[in-house]
Amino acid sequence: MRTHAVPTLLPLLSVLQVGVVLSWVCPKEFQKSESCCEMCPPGQKFVSECTVESTIQCEDCARGEFQDQWNKQRHCKPVSQCDHNAGFEQTRPGTAEEDAECKCTEGRHCSSEQCETCVHDSACKPGYGVTRKANKVDDTRCEPCPTEYFSNETSLTEPCRPWTRCEKQNQVVMVPGSAFSDVTCGDNSKEASLLAKVLIPVGVLLVALIMVIGLALRFRSCDTARSKCESLFRRNPETPNDTVPEIRQDLNREPPEEEDERTMCIRHGNPVQESRGEQEVGKDSHLPEQEVSGC
């Protein structure tokens, strides 16, 4: 059986050898029977095969078509249209020998490997930084800011930034940082530290104490006035609310009676004459004494 197998394989090997030789001999041609038939060059399409008497027939690609390889295709390929409405822009126009080159506009990337449409790049929000910018086929990659880093803006390109080192500026941290904001630095002097740590709280307490004392004095003055009014009303229960007690007492006091002539003379230390007739008798008997009239 082995003696019969070798002659059976010989024709197959011969065919393979001939094919390899023809492929090497016809790099820009195609095999037809045992001869090479030339293919159509780039920019043209196949019309008819070659014969013993004629070569292959080719035709130029029409406008808006191209063929970029040696071929025996009966149709050229259409030139790609960079549709601006789909988010594309043209970077290289098409020719009969090469296709047009398109790419997504700035801020967009391909939605798939075939890049049939473009989609907007995603922006990283505050608290997140860009670890990889968007490219033709990949979207922006965002990651949360690690400790001592921050991002306070929405961005397509900015990574997280480190906190400011206050000690390098000979300052101290006044407000600590976060993933969304930087630290706030302040003066490193003892006076500033004392003001921030002691004087401000003390000032707040003093203001509160002054307010409490003011309210207490106000209430006390009101209580004193109320007690005074109550004591006055107890001394003069019949005094109307709208009348001053002292003025009321003066109004209620009776006017003094008119003093007679005798009483007035006694008050002034002078004797009073008994009657008009006695005055005349005394006048005759006590001459030349001074005449007294009245007292």
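Residues numbered from 1 in each chain as written. Predicted model: local features only at pLDDT ≥ 70, side-chain atom pairs only at ≥ 80, totals over all residues. Heavy atoms only, no water.

## A word on the overall build of the chain
Part 1 of the argument: From N to C terminus, the chain includes five helices and 16 strands.
Part 2 of the argument: Residues counted as buried form 16% of the 295 residues belonging to the chain.
Part 3 of the argument: By element, 55% of the accessible surface of the chain is carried by carbon and sulfur atoms, the whole surface being about 23,400 Å². (Helix = DSSP H or I, 4+ residues; strand = E, 2+ residues; numbered from the N terminus. Buried < 20%, exposed > 50% of the residue type's maximum accessible area, 1.4 Å probe, protein only. Areas by Shrake-Rupley, 256 points an atom, 1.4 Å probe, with all protein chains shown as cover.)

## Quick notes on the side chain of Lys45
Part 1 of the argument: Looking at the secondary structure, you find Lys45 in strand β3 (residues 44–48).
Part 2 of the argument: With residues near it in sequence (within four places) discarded, Lys45 still touches Cys40, Gln57, Cys58, Glu59, Asp60, Asn71, Gln73, Arg74, His75 and Cys76. (Contact = heavy atoms within 4.5 Å.)

## Things to note about the nonpolar core
Part 1 of the argument: Core analysis: the biggest nonpolar cluster contains seven residues, these being Cys82, Ala86, Phe88, Cys104, Cys110, Cys115 and Cys118.
Part 2 of the argument: In terms of nonpolar packing, the next biggest core, distinct from the first, is built from five residues, Cys37, Cys40, Cys50 and Ile56 among them. (Core = buried A, V, L, I, M, F, W, Y, C linked by side-chain atoms within 4.5 Å.)

## Considerations on the side chain of Ser151
Part 1 of the argument: Topologically, Ser151 is positioned in the loop between β13 (149–150) and β14 (161–162).
Part 2 of the argument: Of the residues examined, Ser151 reaches a relative accessible area of 3% and is grouped as buried.
Part 3 of the argument: Within the structure, Ser151 has its side chain in polar contact with the backbone oxygen of Glu153 (distance 3.5 Å).
Part 4 of the argument: Beyond its immediate chain neighbours, meaning those up to four positions away, Ser151 contacts Lys125, Pro126, Gly127, Tyr128, Cys145, Cys160, Ala179 and Phe180. (Polar contact = N/O pair within 3.5 Å; in protein donor to acceptor, adjacent residues only side chain to side chain.)

## Description of the confidence of the model for the chain
If pLDDT is low for a region, its predicted coordinates should not be looked at in detail.
Part 1 of the argument: In the predicted model, the chain carries a mean pLDDT of 75, and the fraction of residues at 70 or more is 59%.
Part 2 of the argument: Across residues 271–295, confidence stays below pLDDT 50; counting only partners more than four residues off in sequence or on other chains, it has ten contacts. (pLDDT = per-residue confidence, 0-100.)

## Focus: the pattern of salt bridges
Part 1 of the argument: What the rule picks out here adds up to five salt bridges.
Part 2 of the argument: Across the pair Glu89 and Lys103 runs a salt bridge whose closest N-O atoms are separated by 3.9 Å. Residue Glu89 is found in strand β7 (residues 88–92), and its partner Lys103 is found in strand β8 (residues 101–104); the two are separated by 14 residues along the sequence.
Part 3 of the argument: According to the relative accessible area criterion, Lys103 is partly exposed, its value standing at 36%.
Part 4 of the argument: The partner of Arg92 in a salt bridge is Glu101, and the shortest N-O contact between them spans 4.0 Å.
Part 5 of the argument: Overall, Arg92 belongs to the partly exposed group, its relative accessible area being 33%.
Part 6 of the argument: Glu101 gets classed as partly exposed once you look at its relative accessible area, which sits at 38%. (Salt bridge = Lys/Arg side-chain N within 4 Å of Asp/Glu carboxyl O.)

## Examining unusual backbone geometry
Part 1 of the argument: Here Glu148, not a glycine, exhibits a phi torsion of approximately 70°, which is positive.
Part 2 of the argument: Turning to its location among the elements, Glu148 is positioned in the loop between β12 (141–144) and β13.
Part 3 of the argument: Using a relative accessible area of 33% as the deciding quantity, one classes Glu148 as partly exposed.
Part 4 of the argument: Of note in this structure, Asn170 is not a glycine but carries a positive phi near 55°.
Part 5 of the argument: Within the fold, Asn170 resides in the loop between β14 and β15 (171–175).
Part 6 of the argument: Residue Asn170 is classed as exposed on the basis of its relative accessible area of 57%.

## A few points about the state of the cysteines
Part 1 of the argument: Following the criterion strictly, the structure yields eight disulfides and no others.
Part 2 of the argument: Across a sulfur-sulfur distance of 2.0 Å, Cys145 and Cys160 are joined as a disulfide pair. For the disulfide bridge between Cys145 and Cys160, the dihedral angle about the S-S bond is near -85°, and by the sign convention the bridge is left-handed. Of the two residues, Cys145 sits in the loop between β12 and β13 while Cys160 sits in the loop between β13 and β14, which places them 15 residues apart along the sequence. (Disulfide = S-S within 2.5 Å.)

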